[in-house]
Amino acid sequence: MIRVAFDIGGTFTDLVLQDGTRHRLVLHKTPTTPDDLSRGVMDGLTALLRDAAVAPGEVDAIFHATTIATNAILERKGALTGLITTAGFRDILLMGRQKRYDTQNMYMDKPVPLTRRRHIVEVAERTGFDGRILAPLDPASVDAAIDRLLKQGIESVAVALIHSYANPAHELQIAARLAARAPNLAVSLSSQVSPKYREYERTSTTVANAYVKPIVARYTADIEATLAARGFRHRMYIMQSNGGLVTPALAKEYPIRIVESGPAAGVLLCAAVGREEGFERVFTFDMGGTTAKLGAIDDGKPAITSSFEVDAKNFRKWSGLPLNVPAIELIEIGAGGGSIAATDGRLIAVGPESAGAQPGPICYGFGGTRPTITDANLVLGYLNPGYFNGGAMALDSDRAIAGVAAAIGTPLKLAPVEAAWGIHAVANSNMERAMRVISVERGRDPRKYAMVAFGGAGPLHAARLARALGIPTVIVPRGAGVGAAIGMLNADARLDTGVTRLLTLVPGTETVMAEVYADLEARLRADLAHLQGSDGVRWLRYAYMHYKGQGYEIKVDLPDGPIADGYARRAIAAFEATYEQSYGYKDPGAVIEAVDWNLVAVVPTAADGIAPLPPREGTATEPVVGERPAYFAEAGGVIRCKVVDRYRMRTDQAIAGPAIVEEAESTTVVLPGDSVRLSPRGNLVITIGEGR
Amino acid sequence: MNDRTLDRQPAARAIDPITLSVLWNRLLSITEEMGSTLRRTAFSEAVREGDDFSTGLFDRHGRLVAQGNFTPGHTGSMPFLVKSVLKEFPPETLEPGDSILTNDSYLGSGHFPDMFLVTPVFRDRQIIGFTCNTAHHVDVGGQAPGSQEVKGVTDAVQEGIRILPVRALKKGEFDRDVIRIILGNVRLPEKVFGDLKAQRNANFVGARRLVELFENYGGNQFDSAVEEILTISEERMRARIRQLPEGTYAYQDVMDDAGVGSEPIRFHCQITIKDGTATLDFSGSSDQVPAGINSYINYTNAYGGFAFKVLADAVLPQNDGAARAVRAIARPGSFFNPQYPAPSGGRAAISTRMFEVINGALKDVLPERVMGAFSQWANPNISGTDDRTGKPFVQYDLIFAGYGGQFTKDGIEALSPVMNCTNIPVEVMEATNPILVRQYGIIPDSCGAGKFRGGCGVRKDIEILNSTALATLLGDRHKFQPYGIFGGRPGRLGETVLISDGQEIQLGSKESRAIKQGDVISFRLSGAGGYGPPAERTRQRIQDDIADGYQTEEGARREYGYLPQAAE
């Protein structure tokens, strides 16, 4: 079985080939070609297959993660999108939830919406909260709305009517009319894209889906055609935000579900690596050039959230566009290698502003003048100026020192290395805050978790982050630089569906619950027909529940098995246990309601573990290849520190910190009191020792 | 001295900037975590959907250290409230697991619906700090459901239950007797108790986190950090104020009335900038009024201080230090410093006007920061006994529209003005209460013209499905338009219209009115004021507004002399 996975990122396209028979993993990195993405992919695939000596026809499955949908939204380069809504509610999308994401900022801008008011049209109809039709759909108003949108040259239409989650009839009628009158228009219905209550969030999700639909359709068709032309015989699967793979046909219908495609793949890598090292509970820490992404894996499964915000400013609640689609739970903050540090003379602030790839950090020598986290890490002695990116790029230490001194050291009266430490430490505290949200705030005890760190900068910061939170183990996976691509090899095809149906949980409601799940299963079975070889499907149920009267729900996994007598009682018990874990209290006897019901179909496609990397030739016996001065606050300042070549490490030979472990795509910092070893699978495992 | 008493000595040891930056981040994150706990476990629409609550962390001296991103009326009142509570309950009398509850208008944020819960945080039987949060409760009894009625309320005793600071939790559990007294005096005891539990949860989570922080850094580091945070904040604030020209600046505006048939209320603010401090003197305003709308001094300070800081671009994390340099004062017995038992349930309506008089006063000092006046928001309650269940209901609503035009851009559309809450989804409202929302959207042509126009007003029409109900209105700008600035035009007047049996009846902005099934109340908020002369508005902006329907062609002709066929 030969599988290929590729992840198209902003700067690089990462590719990986796993050959099951020969039990090996082949990696390749190639520059992304933004003007025509499929060209870069094809160049990369050609090189990858050449390295592996495999013909296209021999490849059994292709997996793909993409940022196409995210970028279309972030850069506002999606389709010209129209919105059809209930008469009287034209402005739901533009008004939003109306809270300032920063109370003291009265000059803020709201997120730029994905459609303009001129493209939002109303139709006469009304459905009640209970699904009753209060006013029938007026066909003349539908035709008038369609006329208007067609005249404006709209490419894609969202339909989001009030209370359509409770009864989709009117949205379906509009869809039928659109199909008859404008068969080329892409159509997205809120009752299908996001059948949940709260009109703004549902409309926002549906409009975003419509906005990226034509672009994603063209893009996937392109890639599929190119692959076929090159002789690949098998179907390509696309990674969704929830960590499951789907067929291109489904991705085209619900492109909003692939917005967090790449990051989700990275989390899957962490799950696989955690599993092979014996950890079912893992925090994921991916720090790249502009952001750091943090996530969690519970009981071997990535945590899934029911909603998130895309294009959030400084990652603050209420600042982005809400999307009500299941996604792997991730917190993204503006702390990457390129994040810029500044001071007001008293305090140091880092990010979210980033120097990006151009001009980049000062030490790149591309004209950057403001110090970044990467500059700080160079000044601290963590990065090797002659071996950055495997030596592909030389770093300028003198410039970095001068830049850090000028911007931070002088105003704060700190030596350059202390100023650099300040940048490093403040960046850590920002990430720590996010890590705290994903861990303790959401009921996860860090002492029971391991952290998997990847991305170019992740392993530089991981050990200190782990210490601050009390996480005992850090794992740096092999191939950390192409992590997301490897992650896809460990994904199953996964289809989700859900519906809002308010139900008070009392014995006797099993019939209704069974009905809801029969309906959800029928829906998924229709989608499963698109999947090749959907044998051995596993079904997972979960619901969002609350105490009657609350407005937010917690996710509760529901038991498997037939929904019969006693099932409601088991669901109640599951809710109470989850609630108490989160908030410290429960309310025995209070009425419990379920709001959203969800069903997941998992079709196994995952590879059985990740193959090890091939050993390097000419492996020497001594992994410690030298020493250099580096700053460790834990040891009181600059000390001589061991430099370790990862490719020379032997299995289970522990090296005590302080140490710096170098490899082509990243550098790992090991603190005094900690120790690092190479596991039999080829991952670095750091044991966090004493000390704060 | 008992080691649990307040030690007034400032901590001697300084702290390095790195530890300080890290600790500050952590303190802020605790207040955010408290907020998400409160929101997610709350029961009323005001709290769970409207975000009408806030959280804060205090040091062991009762000084505010950090606050979450919540509404200024709450956050700004909190420092005064905690100090008052500690006078009543000196720290040496507090036990682990205690929490103190109060909703007093004078001690708290100016009206009874806001209940504050203060929890001492113990470590090894010593107090290391306090967690505090406040939430707007949907009803605390009194003359009208929602406890925010303006007219006919001449005395605070008519406004509901007044809880002077009491020990509402002991050993982490609610005191049954105290809770029974409270729940026996409110219309929606289940929601009130549910929200109180959410408040308990938030303080519990915050306390747990503060102890962890303290243990990680030790008492000395922690104390030094707090001293430093407060000092830095005060110094920054003073430094910013020193950049402004010293002098005295004043402005005046009015509110419609304090209920149908009463006189307009004068808002007057005189700002004195001197020696790195700003004094906001509201003494020239009207006397306190015999209606539920007076602004107790904490509330005056909260919004006065907030407005000044925003306009002076001195936006710092809100804490005791930052508050020291800006002070609001008002003559006792005046509208902005009323004497108990002055009623104040509807005081939420005044926050925008307070901002506007400070904005007006600073017009020539900060021309790039000031803006046109806001659309006046509305905060009505619709209440009754639900025909379907026989139980009381209160539909609390928050309707927000546009901001005034600003130095570089048009007024922001449909955003929480000055105060900072979210709206309540239509689908949530209809699923909860016997009402139907007929429309909810922007009112074209309502914006004040200008080089940068004001934001538009918003219209929300609500039909009553219940046999009978009571509408308690809380709005303004039905008589006096929101002003424009530097030649910008004022926004259109707001109105509230009762559509009943085919008739349109104009209601007062703060009227209470019995209504019946089929009636529609139409809230039509004022538009916001423009910035700069309309003649300087670009043709492109006018055309975009027409295409998007913010302005009609006719409106554009009237305000800007716009002609569609005119040469480019």
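Residues numbered from 1 in each chain as written. Chains lettered and ligands numbered in written order. Predicted model: local features only at pLDDT ≥ 70, side-chain atom pairs only at ≥ 80, totals over all residues.

1. As for the overall build of chain A
Counting secondary structure elements, chain A contains 16 helices and 35 strands. A principal-axis box enclosing the C-alpha atoms of chain A has dimensions of 80 × 60 × 55 Å. Counting across all 692 residues of chain A, residues that qualify as buried make up 55%. Taking the contacts inside chain A whose residues are at least 6 apart along the sequence as the reference set, 67% of them involve residues at least 24 apart. (Helix = DSSP H or I, 4+ residues; strand = E, 2+ residues; numbered from the N terminus. Buried ≥ 20, exposed ≤ 12 C-beta atoms within 10 Å, placed from the backbone. Contact = placed C-beta atoms within 7 Å.)

2. Description of the overall build of chain B
Scanning chain B from N- to C-terminus turns up eleven helices and 20 strands. Against the 2.2 N^0.38 benchmark of 24 Å for 568 residues, chain B shows a C-alpha radius of gyration of 24 Å, consistent with a compact globule. Viewed in the frame of its principal axes, chain B has a C-alpha envelope of about 80 × 60 × 40 Å. For chain B, the proportion of its 568 residues judged to be buried stands at 63%. Contacts spanning at least 24 positions in sequence make up 75% of the contacts within chain B whose residues lie at least 6 apart. (Rg over C-alpha atoms; globule rule 2.2 N^0.38 Å.)

3. Some remarks on the sheet that holds strand S17 (residues 495–500) of chain B
All names here are of chain B. Strand order in the open sheet formed by five strands is S14-S15-S20-S17-S18, and the pairing between neighbours is antiparallel. The two strands at the open ends of the sheet, each matched to only one other strand, are strand S14 (435–443) and strand S18 (503–507). Between one strand axis and the next, the sheet turns by 20 degrees as a mean value, whatever way the strands run. Inspection of the sheet shows S17 paired to strand S20 (residues 520–524) by five bridges, in the antiparallel sense. Of the residues in S20, the one forming a bridge with isoleucine 499 is valine 520. (Pairing = 2+ DSSP bridges. Axes fitted to C-alpha atoms, helices over the stretch in contact; angles between N-to-C directions.)

4. Considerations on the domain arrangement of chain B
All names here are of chain B. As assigned here, chain B comprises domain 1 (17–234) and domain 2 (371–568). Listed as interface residues are 21 residues of domain 1 and, on the opposing side, 22 residues of domain 2. Within the residue set of the side of domain 1 that touches domain 2, elements represented by two or more residues are helix H2 (45–48) and helix H3 (72–88). Of the residues in the side of domain 1 that touches domain 2, the class split is eight nonpolar, five polar and eight charged. (Domains from an automatic or database assignment. Nonpolar A, V, L, I, M, F, W, Y, C, P; charged D, E, K, R; others polar.)

5. A word on the interface of chain A and chain B
Counting residues at the interface gives 48 residues for chain A and 58 residues for chain B. The dominant element in the side of chain A that touches chain B, judged by the number of residues it contributes, is helix H12 (residues 416–438) of chain A, at eight residues. Within the side of chain A that touches chain B, the residues separate by chemical class into 18 nonpolar, 13 polar and 17 charged.

6. Considerations on the sheet that holds strand S5 (residues 126–136) of chain B
All names here are of chain B. In spatial order, the strands read S2-S1-S5-S4-S3-S6-S7; together these seven strands make up an open sheet with antiparallel pairing. Every other strand in the sheet has two partners, leaving strand S2 (64–67) and strand S7 (173–174) as the edge strands with one partner each. Examined bridge by bridge, strand S3 (residues 99–102) and strand S4 (residues 114–123) share three bridges and lie antiparallel to one another. Bridging from a neighbouring strand, threonine 102 pairs with phenylalanine 116 of S4.

7. Describing helix H6 (residues 297–311) of chain B
Residue and element names in this part refer to chain B. Over its 15 residues, H6 extends 21 Å from the first C-alpha to the last, a length consistent with the 21 Å expected when each residue adds 1.5 Å. Burial of H6 is extensive: 15 of the 15 residues sit out of reach of the surface. With its phi angle positive at about 55 degrees, aspartate 313 sits one or two positions after the end of H6. (Expected span 1.5 Å × (residues − 1).)

8. What about the nonpolar core?
Residues Val16, Ile423 and Met451 of chain A together with Ile358 of chain B are the most contacted members of the largest nonpolar core, which totals 374 residues. Among the elements that make up this core, the one with the highest residue count is helix H5 (residues 189–242) of chain B (16 residues). By size, the runner-up hydrophobic cluster in this structure holds five residues, among which are Ala449, Ile542, Ala556 and Tyr560 of chain B. (Core = buried A, V, L, I, M, F, W, Y, C linked by C-beta atoms within 7 Å.)

9. A few points about the pairing of strand S34 (residues 675–678) of chain A
Residues and elements named next belong to chain A. Burial along S34 is one-sided: the face carrying Val676 and Leu678 is buried and the face carrying Ser675 and Arg677 is not. Relative to strand S35 (residues 684–687), S34 runs antiparallel, the two being bridged by four bridges. Residue arginine 677 lies in a different strand from S35, and its bridge partner there is valine 685. Remark: five residues form the turn of the hairpin made by S34 and S35, two consecutive strands paired antiparallel; glycine 682 in that turn has positive phi of roughly 95 degrees.

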